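Architecture at a glance
The lines below spell out each chain.
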Amino acid sequence: MRYDAIIIGGGAAGLFCAMTAGRRGKRVLVIEHNEEAGRKIIISGGGRCNFTNIHTTPENFVSSNPHFCRSALSRYTPEDLVRLVKKHKIEFYEKKLGQLFCKENSRSIVDMLLSECRAARAEIKTRCEVLTVSKDGDFKVETSGGTFRSQSLVIACGGLSFPKIGASGLGYRLARQFGLKIVETRPSLVAMVVEGGGWTDLAGVSVDAEVGSGKQSFRENILFTHRGLSGPAILQTSNYWKKGEDVVVDLLPEKDVGELLKTIDGNNQRIQNFLGLYLPQRLARHLAAKVPGDKPVSKLSAKERDEIAAMLHQWRFQFSQTEGYDRAEVTLGGVSTDELSSTTMGSKRVPGLYFIGEVVDVTGWLGGYNFQWAWASGFAAGDAV
Ligand SMILES: Cc1cc2nc3c(=O)[nH]c(=O)nc-3n(C[C@H](O)[C@H](O)[C@H](O)COP(=O)(O)OP(=O)(O)OC[C@H]3O[C@@H](n4cnc5c(N)ncnc54)[C@H](O)[C@@H]3O)c2cc1C
């Protein structure tokens, strides 16, 4: 069977590309090895799919080439996606910071994509394993469900995160097979494991903080875990963290602890009580135990006040690793953007070969940006195949 385009991977990017190409009258086949398409969409956003972020800009993405995503993002915007979601009468709300979530559940987003694919006459083959891919003029894809040929081949099989719901690494293998460079991959948007073991006394404590790694910082909650740190500010930081680099946490970004220690009323109180005015009690107890001698605040020397201020404003964490691909929302790195056209997502070396979505070295922040990249890159390739 010969198609205009075969798309490997029936996730967010693949389905979007299929509907876009199908609407242009192209004969499209999507090959998906799971029993259903869009499984990652279904579990996303805690089951409510944070399907876009209305404040999306290229600055919300990490890539070896920060400009690469610009063209695709400008051609398919969050407003375009919102129009599509409204057309399908899916109710949604803004949770915070421009993040749009479904009111009911994520399945409505999958249903929307499947219904658009049906209307565009794109075929979707599920439970279909890719065995080999080759090119002899046309692309030839041998699968467990037969051999298919096409003029264009779109690789949309995602990254390595969440292998239990279908991540396979096939996209990187195919990129290598066709001689394309890969930027080293690693798990991201993921909790971090602290050097030397986590916390027994703090696990479960959550606090608003400013977290910085290198030049980037994020102000959101952090969560202490048995093995290290999690929470939105830590997940965001994992996109930027490099092994060996400290992550610095400011537990009271709006306060000047040094000044407070000097001026606070009733400064006969103990350190733990003082900290408990601003922080959860378990955290206050943990931090107070780090200060030698259980002195009242009024008896602290200037040096001791500075040390306590540094402990609160610049708590330095050394992480040994992340919680890995089993827990990571995304894969950082991927097919090098040097290899691809930023307008079509097509390979510069191999005519007719395209890479879209997470398999490409473009990774969004937490908050709906990764889906926006999947839609936008899927649209760019769907418009070009
Ligand atoms: C738990 C979790 C929650 C998330 N929540 C959000 C969120 O709320 N908002 C957000 O923006 N991002 C979220 N993300 C990230 C987002 O899901 C991904 O960035 C996005 O799905 C990437 O789209 P994609 O189409 O490139 O890959 P995927 O959606 O992963 O799709 C790839 C598809 O290819 C298929 N496939 C893989 N290998 C093969 C093969 N060998 N043969 C055939 N098919 C194959 C897979 O089964 C899958 O269906 C979340 C991720 C996780 C893990």
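To start, this report covers the structure provided alongside it. The shown structure was predicted, so the numbers you read here are calculated from the model rather than taken from an experiment.

A look at the packing of helix H1 (residues 12-23) against helix H5 (residues 107-119)
One way to put it is that H1 packs onto H5 with a least axis distance of 8 Å and a crossing angle of 25 degrees. In terms of axis orientation, H1 runs roughly parallel to H5. Crossing of H1 against H5: the hand is left-handed. Residue-level contacts link Leu15, Phe16, Ala18, Met19 and Arg23 of H1 to Leu113, Leu114, Glu116 and Cys117 of H5.

Description of the pairing of strand E8 (residues 130-136)
The sheet contact formed by E8 and strand E9 (residues 138-143) spans six bridges and is antiparallel. Its bridge partner lying in E9, Thr132 is registered against Glu142. Adjacent in sequence and paired antiparallel, E8 and E9 are bridged by one residue, among which Gly137 carries a positive phi angle near 85 degrees.

Looking at the environment of Leu170
Turning to its location among the elements, Leu170 is positioned in helix H6 (residues 170-177). Discounting residues that sit within four places of it in the chain, Leu170 has contacts with Ile8, Val130 and Cys157.

A word on the site of the ligand
Around the ligand sit 31 residues, and of these Ala13, Glu32, Ser168, Glu358 and Phe371 come closest. Asn34 places a polar side-chain atom, nitrogen or oxygen, 3.2 Å from an oxygen atom of the ligand. Residue Lys40 places a side-chain N or O atom 3.4 Å away from an oxygen atom belonging to the ligand. Notes on the ligand: free accessible area 990 Å², of which the protein chains cover 94%. Residue assignment for the shell around the ligand shows that the elements contributing at least two residues are H1, helix H2 (39-43) and helix H12 (369-382). Here the shell around the ligand is built from residues that sort into 13 nonpolar, 14 polar and four charged.

Observations concerning the pattern of salt bridges
Throughout the structure, instances matching the rule amount to 22 salt bridges. A salt bridge links Glu91 to Lys103; its shortest N-O distance comes to 3.8 Å. Remark: Lys103 occurs in the loop between strand E6 (99-102) and H5 and Glu91 occurs in the loop between helix H4 (78-87) and strand E5 (92-94); sequence separation between them is 12 residues. The salt bridge partner of Lys262 is Glu259, with a shortest N-O separation of 3.1 Å. Taken together, the residues Lys262 and Glu259, both in helix H8 (residues 257-263) and three residues apart, mark about one turn of the helix. In this structure Glu259 comes out as partly exposed when scored by relative accessible area, which is 37%.

Conventions we followed
- Residues numbered from 1 in each chain as written.
- Predicted model: local features only at pLDDT ≥ 70, side-chain atom pairs only at ≥ 80, totals over all residues.
- Heavy atoms only, no water.
- Axes fitted to C-alpha atoms, helices over the stretch in contact; angles between N-to-C directions.
- Helix = DSSP H or I, 4+ residues; strand = E, 2+ residues; numbered from the N terminus.
- Parallel < 35°, antiparallel > 145°, perpendicular 65-115°, else oblique.
- Left-handed = near helix turned anticlockwise from the far one by under 90°.
- Contact = heavy atoms within 4.5 Å.
- Pairing = 2+ DSSP bridges.
- Near = heavy atom within 4 Å.
- Polar contact = N/O pair within 3.5 Å; in protein donor to acceptor, adjacent residues only side chain to side chain.
- Areas by Shrake-Rupley, 256 points an atom, 1.4 Å probe, with all protein chains shown as cover.
- Nonpolar A, V, L, I, M, F, W, Y, C, P; charged D, E, K, R; others polar.
- Salt bridge = Lys/Arg side-chain N within 4 Å of Asp/Glu carboxyl O.
- Buried < 20%, exposed > 50% of the residue type's maximum accessible area, 1.4 Å probe, protein only.

Treat this as a map of the structure, not an account of what it does.
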